[in-house]
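Survey of secondary and tertiary structure
As a plain string of letters, each chain reads:
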Amino acid sequence: MLKIISFAPIALGLAVASPAGAKNAEVQIAVSYADLNLLTEEGLRALDRRLASAAEKLCGGRPDARNLAAMANFRDCMKTTKNAYEAQRLAAIEAAGEQRVAVLSNKLGRVAQR
């Protein structure tokens, strides 16, 4: 039996304040990890780099370090964004492990049938 495995991208979202009278908009960035092996340290580091890069974009980019207020806002935004995507990150890692187990059990089943 062939099992199709799909990798849903991790969506990072941030509500952005709009001018007075306008509705707030939510900005989202999808982070793909389909090409990564999340069961390796290298794959996890690559995922974390992608997530950090996307979060930085969502937070407006890293401001000048001399602008203390902007840096404080940026750090708060990064922390909020990371907290928001952490559950999706952990679910993706767990799913990668479950898929690995499914593939191994499928292979073992075929070997046992021989």
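Our structure's up above, just so we're on the same page.
What comes next concerns the included structure. (Residues numbered from 1 in each chain as written. Predicted model: local features only at pLDDT ≥ 70, side-chain atom pairs only at ≥ 80, totals over all residues. Heavy atoms only, no water.)

Right, let's get into the state of the cysteines. Under the definition given, this model contains 1 disulfide. Residue Cys59 pairs covalently with Cys77 via a disulfide, S to S 2.1 Å. Torsion about the S-S bond of the Cys59 and Cys77 cystine: about -85 degrees, corresponding to left-handed handedness. A residue pair is termed long-range when its members are at least 10 positions apart, and Cys59 in the loop between α1 (41-58) and α2 (68-113) and Cys77 in helix α2 qualify at 18 residues. (Disulfide = S-S within 2.5 Å. Helix = DSSP H or I, 4+ residues; strand = E, 2+ residues; numbered from the N terminus.)

This part covers the side chain of Arg89. Looking at where Arg89 falls in the secondary structure, it is placed in helix α2. Not counting residues up to four positions away in its chain, the partners in contact with Arg89 are Ile10, Leu47, Asp48 and Leu51. (Contact = heavy atoms within 4.5 Å.)

A separate point is the nonpolar core. Counting 18 residues, the largest nonpolar core has Ile10, Tyr33, Leu36, Leu38, Leu47 and Leu51 as the members making the most contacts within it. Residue assignment for this core shows that the elements contributing at least two residues are α1 and α2. When residues no more than four places from it in sequence are discounted, the contact partners of Leu38 are Tyr33, Gly43, Leu44, Leu47, Ala92, Ile93 and Ala96. (Core = buried A, V, L, I, M, F, W, Y, C linked by side-chain atoms within 4.5 Å. Buried < 20%, exposed > 50% of the residue type's maximum accessible area, 1.4 Å probe, protein only.)

All told, the structure shown has 5 salt bridges when counted by the stated rule. Of the charged contacts in the structure, one is a salt bridge between Asp64 and Arg66, with a shortest N-O distance of 2.6 Å. For Asp64, a relative accessible area of 39% puts it in the partly exposed group. Among the ionic pairs, Glu86 bridges to Arg89, the shortest N-O distance being 3.3 Å. In this pair, Glu86 and Arg89 both sit in helix α2, 3 residues apart, roughly one turn of the helix. With relative accessibility at 13%, the residue Arg89 sits in the buried group. (Salt bridge = Lys/Arg side-chain N within 4 Å of Asp/Glu carboxyl O.)

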